[in-house]
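Structural description and commentary
Chain by chain, the residues:
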Amino acid sequence: MAQKRKLDYYNDDFDFDTESLSSFESDEDFVHSISSSEDDSSDEEDFSSVRQWCKIDSSSPAPSRFSFIGDVGMKACVTNISDPLEYFELFFTDEIVNHIVTETNIFAAENLNKFKSKEHSRTHHWSETNANELRIFFATLILQGIITKPTVRMFWSKRKLIETPSFSNLMSSRRFDFIMQFIHFDRNENADSSHPQPKLKKIWTVLNYLQKKFSEVYTPEQDICIDESL
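Residues numbered from 1 in each chain as written. Predicted model: local features only at pLDDT ≥ 70, side-chain atom pairs only at ≥ 80, totals over all residues. Heavy atoms only, no water.

Per the secondary structure count, the chain includes nine helices and two strands. Listed N to C, the secondary structure of the chain is α-α-α-β-α-α-α-α-α-α-β in terms of helices and strands. In the chain, buried positions account for 23% of the 230 residues. Of the contacts made within the chain by residues no fewer than 6 positions apart, 59% connect residues no fewer than 24 positions apart. For the chain, the exposed surface amounts to about 17800 Å²; the carbon and sulfur share of it is 54%. (Helix = DSSP H or I, 4+ residues; strand = E, 2+ residues; numbered from the N terminus. Buried < 20%, exposed > 50% of the residue type's maximum accessible area, 1.4 Å probe, protein only. Contact = heavy atoms within 4.5 Å. Areas by Shrake-Rupley, 256 points an atom, 1.4 Å probe, with all protein chains shown as cover.)

Okay, the environment of V97 next. Within the secondary structure, V97 sits in helix α5 (residues 94-114). A C-alpha to C-alpha distance of 8.9 Å links V97 and N130, two positions 33 residues apart in sequence. Filtering out sequence-adjacent residues up to four positions away, V97 remains in contact with F92, A131, L134 and R135.

This part is about the packing of aromatic side chains. The full count for this structure, using the stated rule, is eleven aromatic pairs. Seen in terms of ring centroids, F137 and F176 are 5.2 Å apart; in terms of plane orientation they differ by 35°. Their pairing is tilted. On the criterion of sequence distance, the pair formed by F137 in helix α6 (residues 131-146) and F176 in helix α8 (residues 173-182) is long-range, its members being 39 residues apart. Taken as a pair, F137 and F176 share a single burial class, namely buried. An aromatic cluster of three or more residues is present, and its members are F88, F92, F137, F138, F155, W156, F167 and F176. Stacked on the ring of W126, the Lys or Arg R175 has its end atom at 4.6 Å from the ring centre. (Phe/Tyr/Trp six-rings, centres within 6.5 Å; stacked < 30°, edge-to-face > 60°. Lys NZ or Arg CZ within 6 Å of the ring centre and 35° of its normal.)

Further remarks concern empty space enclosed by the protein. Under the defined criterion, the tally for this structure stands at one cavity of 30 Å³ or more. Considering only enclosed or pocket space, the largest cavity measures out at about 30 Å³ in volume. Lining the largest cavity, in full, are E103, I106, F107, E110, H184, D186, R187, N188 and E189. (1 Å grid on protein atoms, 1.4 Å probe; cavity = no way out; pocket = protein on both sides within 12 Å on 5 of 7 lines; lining within 4 Å. Points joined across faces, edges and corners; volume = space filled by probe spheres on them.)

On to the nonpolar core, then. L134 and F137 are the most contacted members of the largest nonpolar core, which has 23 residues in total. If you list the elements that add at least two residues to this core, you get α5, α6, α8 and α9 (204-217). No other element matches α5, which puts six residues into this core. (Core = buried A, V, L, I, M, F, W, Y, C linked by side-chain atoms within 4.5 Å.)

This brings us to a nonpolar patch on the surface. On the surface, F68, V72, M74 and Y218 cluster together into a nonpolar patch covering about 350 Å² of accessible area. Tracing the backbone shows V72 in the loop between α3 (27-51) and β1 (73-74). (Patch = residues over 30% accessible without salt bridge, like charges linked within 9 Å, V, L, I, M, F, W, Y side chains within 5 Å. Salt bridge = Lys/Arg side-chain N within 4 Å of Asp/Glu carboxyl O.)

Moving on: the packing of α6 against α8. Direction vectors running N to C along α6 and α8 enclose 100°, while the axes themselves pass 11 Å from each other. In terms of their interaxial angle, α6 and α8 are classed as roughly perpendicular. Residues E133, L134, F137, T140, L141 and Q144 of α6 form the contact with α8, whose participating residues are R175, F176, I179 and M180. Partitioned by chemical class, the residues of the contact of α6 with α8 number six nonpolar, two polar and two charged. (Axes fitted to C-alpha atoms, helices over the stretch in contact; angles between N-to-C directions. Parallel < 35°, antiparallel > 145°, perpendicular 65-115°, else oblique. Nonpolar A, V, L, I, M, F, W, Y, C, P; charged D, E, K, R; others polar.)

The structure is reproduced here in structure tokens:
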């Protein structure tokens, strides 16, 4: 009978049945459960009020900014400020270029030994690259971004209407294809499951090196606009 009266009393606000009420060992447990629910509801109301945005009055002063103590500007010496090559070599130093040369030659040798080429395959003409040739390869890639054509093969076309002799003067199309096929930045065995950035493991060494160089060469100003399309 007592359970029936309890059910009638709380029926307006709570959807309990006698089985749910029987789970409480005493009236005190039941009251404590109700009060806890009310506290949770109150907390949720407090959080919801915090999440509400308020309109900012443009006439009121803006909050103070954090003090900027960076030493802005170039931290590296450039003798000819109009020479793009000097800026490029601030980042692609002999150290990182030689690293890429080593990894590329190792990767090419591993693949040529692993996959036996046919007798007349062009891979038999592969020879190890060097730092000077790799710089020419990078220059060719940069030039392809300036002079655009529908296909890579058209950069070495001999047709008078679309010919661009600069590319064939820099490097033959076959040699370009060779380096593009075998260029490598990090040893495969260095990429294990515990790598901090598995999706970047193939370029991890070069990426870390360039990030370090970026901070060593230049300190940006306080306000920076990043173009995500780049």
